[in-house]
Amino acid sequence: MRWWIGGGALALALAFRSRRSQPGEPAGDREAWVRLEDAPGLAVRMPSRSWTTPPVRSVLQSAGLVAAQMGGALQVADVAPEMRGASYPPHKSHRWGNDVDVGYTLSEYPTPPGAATDPRLVLVVQSIAPMIEEAFAAPSRIAALAGRGFKIQVWPGHEGHLHLRLRSDLMSRSATT
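Report on the accompanying structure. (Residues numbered from 1 in each chain as written. Predicted model: local features only at pLDDT ≥ 70, side-chain atom pairs only at ≥ 80, totals over all residues. Heavy atoms only, no water.)

## Considerations on the pattern of salt bridges
Here's step 1: This structure, assessed with the given rule, holds eight salt bridges.
Here's step 2: Here Asp-118 and Arg-120 are joined by a salt bridge, their closest N and O atoms 2.8 Å apart.
Here's step 3: Look at Arg-120 and you get partly exposed, because its relative accessible area is 26%.
Here's step 4: Salt bridges here are not isolated pairs; linked through shared partners, they connect Asp-99, Glu-134, Lys-151 and Arg-165. (Salt bridge = Lys/Arg side-chain N within 4 Å of Asp/Glu carboxyl O. Buried < 20%, exposed > 50% of the residue type's maximum accessible area, 1.4 Å probe, protein only.)

This is the structure:
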């Protein structure tokens, strides 16, 4: 259906189209989209690139509280673009709000080359293991993260950060964390 209202027909058609699901979009509430912000134990390094759902935000805030108890802050970088589902270069994922990049330390992002994986980070990530679908790390980081209650795979190019994919059911406002 097209509506011709002055010169705004295209804008109206685009607004209507943006409300529909996009190909490959997971189930979830398209209206429940929030920006992740700094919180106790949670340092958001790229706020303009940190959009997600309220349940994912809750999981990350919970991890932040664990990091704070250990004297650090979970270093969060890319989550998702402001427009849910939009292309997000250079990422092939990070479109739906459940993919999260975090530093391997609780003090800086990205993790400097050669820096060890902070054992406190391992405990923080382990604290949210039931919420993690899988994690992706550089080959040199796997040993520190293996056997912690979540699936971990090698993904080249992740020497400076850990990529967490949280459960897909956390993309809905009604999800329980």
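## Notes on unusual backbone geometry
Here's step 1: Pro-110 follows Tyr-109 through a cis peptide bond whose omega is -10°.
Here's step 2: Structurally, Pro-110 can be placed in the loop between β5 (99-102) and α3 (119-127). (Helix = DSSP H or I, 4+ residues; strand = E, 2+ residues; numbered from the N terminus.)

## Topic: the side chain of Asp-118
Here's step 1: Structurally, Asp-118 can be placed in the loop between β5 and α3.
Here's step 2: Taking the relative accessible area as the measure of exposure, Asp-118 reaches 11% and is therefore buried.
Here's step 3: For Asp-118, the side chain forms a polar contact with the main-chain nitrogen of Leu-106, separated by 3.5 Å.
Here's step 4: With residues near it in sequence (within four places) discarded, Asp-118 still touches Tyr-104, Thr-105 and Leu-106. (Polar contact = N/O pair within 3.5 Å; in protein donor to acceptor, adjacent residues only side chain to side chain. Contact = heavy atoms within 4.5 Å.)

## Observations concerning the nonpolar core
Here's step 1: Formed by 34 residues in total, the largest nonpolar core has its most connected members in Leu-74, Val-76, Ile-152, Leu-162 and Leu-164.
Here's step 2: Of all the secondary structure elements, the ones that give two or more residues to this core are β2 (42-44), α2 (54-69), β4 (74-76), β5, α3, β6 (132-137), α4 (142-145) and β8 (162-166).
Here's step 3: Looking at this core element by element, the count peaks at six residues for α2.
Here's step 4: In this structure Leu-74 touches Gly-41, Leu-42, Ala-43, Leu-60, Ala-63, Ala-67, Val-102, Leu-106, Leu-121 and Val-124, once residues within four positions along its chain are discounted. (Core = buried A, V, L, I, M, F, W, Y, C linked by side-chain atoms within 4.5 Å.)

## Here's the deal with the packing of aromatic side chains
Here's step 1: For the structure shown, the criterion picks out one aromatic pair.
Here's step 2: With a centroid separation of 4.6 Å and an interplanar angle of 80°, the aromatic rings of Phe-136 and Trp-155 are classed as edge-to-face. Here the residue Phe-136 occupies a position in strand β6, and Trp-155 occupies one in the loop between β7 (152-154) and β8, the gap between them amounting to 19 residues.
Here's step 3: Of the residues examined, Phe-136 reaches a relative accessible area of 7% and is grouped as buried.
Here's step 4: Seen from the ring of Tyr-104, Arg-141 lies directly overhead, with NZ or CZ sitting 4.1 Å from the centre. (Phe/Tyr/Trp six-rings, centres within 6.5 Å; stacked < 30°, edge-to-face > 60°. Lys NZ or Arg CZ within 6 Å of the ring centre and 35° of its normal.)

## Re the environment of Arg-35
Here's step 1: Structurally, Arg-35 is set in strand β1 (residues 34-35).
Here's step 2: The contacts of Arg-35, once residues within four sequence positions are left out, are Pro-47, Ser-50, Trp-51 and Arg-57.

## Thoughts on α3
Here's step 1: Of the positions making up α3, those classed as buried are Leu-121, Val-122, Val-124 and Val-125. The arc enclosing the buried residues of α3, seen along the axis, measures out at 160°, which places them on a common side.
Here's step 2: Against the buried residues of α3 lie α2, β4, β6, α4 and β8.
Here's step 3: At the N-terminal boundary of α3, the capping side chain belongs to Asp-118, with an oxygen 2.8 Å from the backbone nitrogen of Arg-120. (Arc of directions from axis to C-beta.)

## A word on the environment of Gly-41
Here's step 1: Looking at where Gly-41 falls in the secondary structure, it is placed in the loop between β1 and β2.
Here's step 2: In this structure, the C-alpha to C-alpha distance between Gly-41 and Gln-75, residues 34 residues apart in sequence, is 8.7 Å.

## A few points about the side chain of His-158
Here's step 1: Among the secondary structure elements, His-158 is positioned in the loop between β7 and β8.
Here's step 2: By relative accessible area, which is 8% here, His-158 ends up buried.
Here's step 3: Ignoring any residue separated from it by four or fewer positions in sequence, one finds His-158 in contact with Tyr-104, Phe-136, Ala-137, Ala-138 and His-163.

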